[in-house]
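As a plain string of letters, each chain reads:
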Amino acid sequence: MKEPKQLDLYISFVKECFRQETSDGERWKGMDWEEFFLFTQKQAVAGYVFEHVKRYKRDAIGISEDTLLNWFAYHDEIANRNKKVNQCMCEIVRGFSNSGLRSCILKGQGNAMLYPTPLSRMPGDIDIWVDADRKEIVDFVKAIDDSAKEREKHISFTIAEDIEVEVHDIPSTLRSPKYNRRLQDFFREYSDEQFSNVVSSDDFATPVCVPTAEFNVVYQLAHIMSHFFVEGIGLRQFIDYAYVLRSAGVKDDSWKRGVAERLEYLGMLKFARGVMWVLRECIGLDEELLYIETDERIGRLIRTEIINGGNFGYHDARYPFRKSGYVARGLTDIYRLLKLVPYFPNDALWKILRKFENQKWKLKGN
């Protein structure tokens, strides 16, 4: 997608959503509401933003009745989808528990609990981390669905016809072998705390485990970073991360230094500084909740990728050739990564190497 002409207005409204502030509505009368609705859909934040739209009278902000009704219907679809995903998630958690396996819900429905209105968050896949070795997880999932597909850090299958479930033996990865080893050590060191962090919700039929805020500060940053280099990332993931930091609360300087040192050890500090800029300038997170200083140069790069790519880069019109097949997608991804080398040489080059390893048989025409 190209950068919208009214982008500054769109970002301002998103910031108002996060801060849950309202104005007299006059500034929003110049908004192209139909285009903004499409923008929020591409960024997977339409339900979340509509919760704030509802705070205003229609005439006060100049939104048409048709757009309002369409948005209302879309919001209801998101809420109903969340209910279905929650039901399936709880069934899966019970299934693992009945087999003596501890589990932890990653991102998704766990993040939704941090939102003022959880059912307004656009749901995605069900990501569940299971406390077992890979073979045990694969055997368990294959018994449910023998067509389940094994990936690098998870095995996936479909439940209830259209809900994708990713069962993880490791939560995330980094491309650099050195930093990835360190990240996996971090996951192992703090795993027991995550598999013991039980929470309840009126939206869940059973209690589930979710990561602690302190764990998510590292893990969800790694997740955002991974998708940034793979295909792109949208506003939803940054809003999620803003709520993670808000749930962690204001921390003292010692805690912040500890986080910075850990992220530097994991090779994520530069990216984190850009994310902090995005959270402040595009989401509206309070300065006191940022755990390191911002980097505007990296932040603007990330912002450009968010706006142009949309949710997971699905709407990026800059690389139309990417949709022409598996090889075309690989070559386009490598071209995109080359453009990131001046900013993140280590991460981009390791990712390019991995791309070649994964697709060399395709590049040979096999």
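Residues numbered from 1 in each chain as written. Predicted model: local features only at pLDDT ≥ 70, side-chain atom pairs only at ≥ 80, totals over all residues. Heavy atoms only, no water.

**Student:** Residue-level account of the side chain of Ser156, with values.
**Tutor:** Along the chain, the position of Ser156 falls in strand S4 (residues 154-159). Side-chain polar atoms of Ser156 contact the side chain of Glu164, separated by 3.3 Å. (Helix = DSSP H or I, 4+ residues; strand = E, 2+ residues; numbered from the N terminus. Polar contact = N/O pair within 3.5 Å; in protein donor to acceptor, adjacent residues only side chain to side chain.)

**Student:** Which residues make up the packing of aromatic side chains, and what values go with them?
**Tutor:** With the rule as written, the count across this model stands at 34 aromatic pairs. Residues Phe50 and Phe72 carry aromatic rings whose centres are separated by 5.8 Å and whose planes lie at 90 degrees to one another, so their mutual orientation is edge-to-face. With Phe50 in helix H3 (residues 46-53) and Phe72 in helix H5 (residues 65-98), the pair connects residues that are 22 residues apart, well separated along the chain. For Phe72, a relative accessible area of 41% corresponds to the partly exposed category. Over the face of the ring belonging to Trp255 we find Lys251, whose NZ or CZ atom lies 5.4 Å from the ring centre. A cation over a ring is seen here: Arg336 above Phe228, with NZ or CZ 5.7 Å from the ring centre. (Phe/Tyr/Trp six-rings, centres within 6.5 Å; stacked < 30°, edge-to-face > 60°. Buried < 20%, exposed > 50% of the residue type's maximum accessible area, 1.4 Å probe, protein only. Lys NZ or Arg CZ within 6 Å of the ring centre and 35° of its normal.)

**Student:** Which residues make up the environment of Phe344, and what values do they have?
**Tutor:** As for its placement among the helices and strands, Phe344 is situated in the loop between helix H14 (326-340) and helix H15 (345-363). Overall, the relative accessible area of 4% leaves Phe344 in the buried class. Residues contacting Phe344, with those up to four places away along its chain left out, are Phe228, Phe229, Lys270, Phe271, Ile298 and Leu301. (Contact = heavy atoms within 4.5 Å.)

**Student:** So, the nonpolar core: which residues are in play, and what are the values?
**Tutor:** Ranked by internal contacts, the top residues of the largest apolar core, which has 84 residues, are Tyr241, Leu279 and Tyr291. Discounting chain neighbours no more than four positions away, the residues touching Leu279 are Phe238, Tyr241, Ala242, Leu245, Gly284, Leu285 and Leu290. Grouped together as the second largest cluster of nonpolar side chains are 28 residues, Val85, Cys90, Ile128 and Ile155 included. (Core = buried A, V, L, I, M, F, W, Y, C linked by side-chain atoms within 4.5 Å.)

**Student:** Just give me the short version of the environment of Ser201, but keep the residues and values in it.
**Tutor:** Among the secondary structure elements, Ser201 is positioned in the loop between strand S6 (198-199) and strand S7 (208-209). Residues Ser201 and Pro118 lie 83 residues apart in sequence; the distance between their C-alpha atoms is 9.9 Å. At 3.0 Å, the side chain of Ser201 forms a polar contact with the backbone nitrogen of Asp203.

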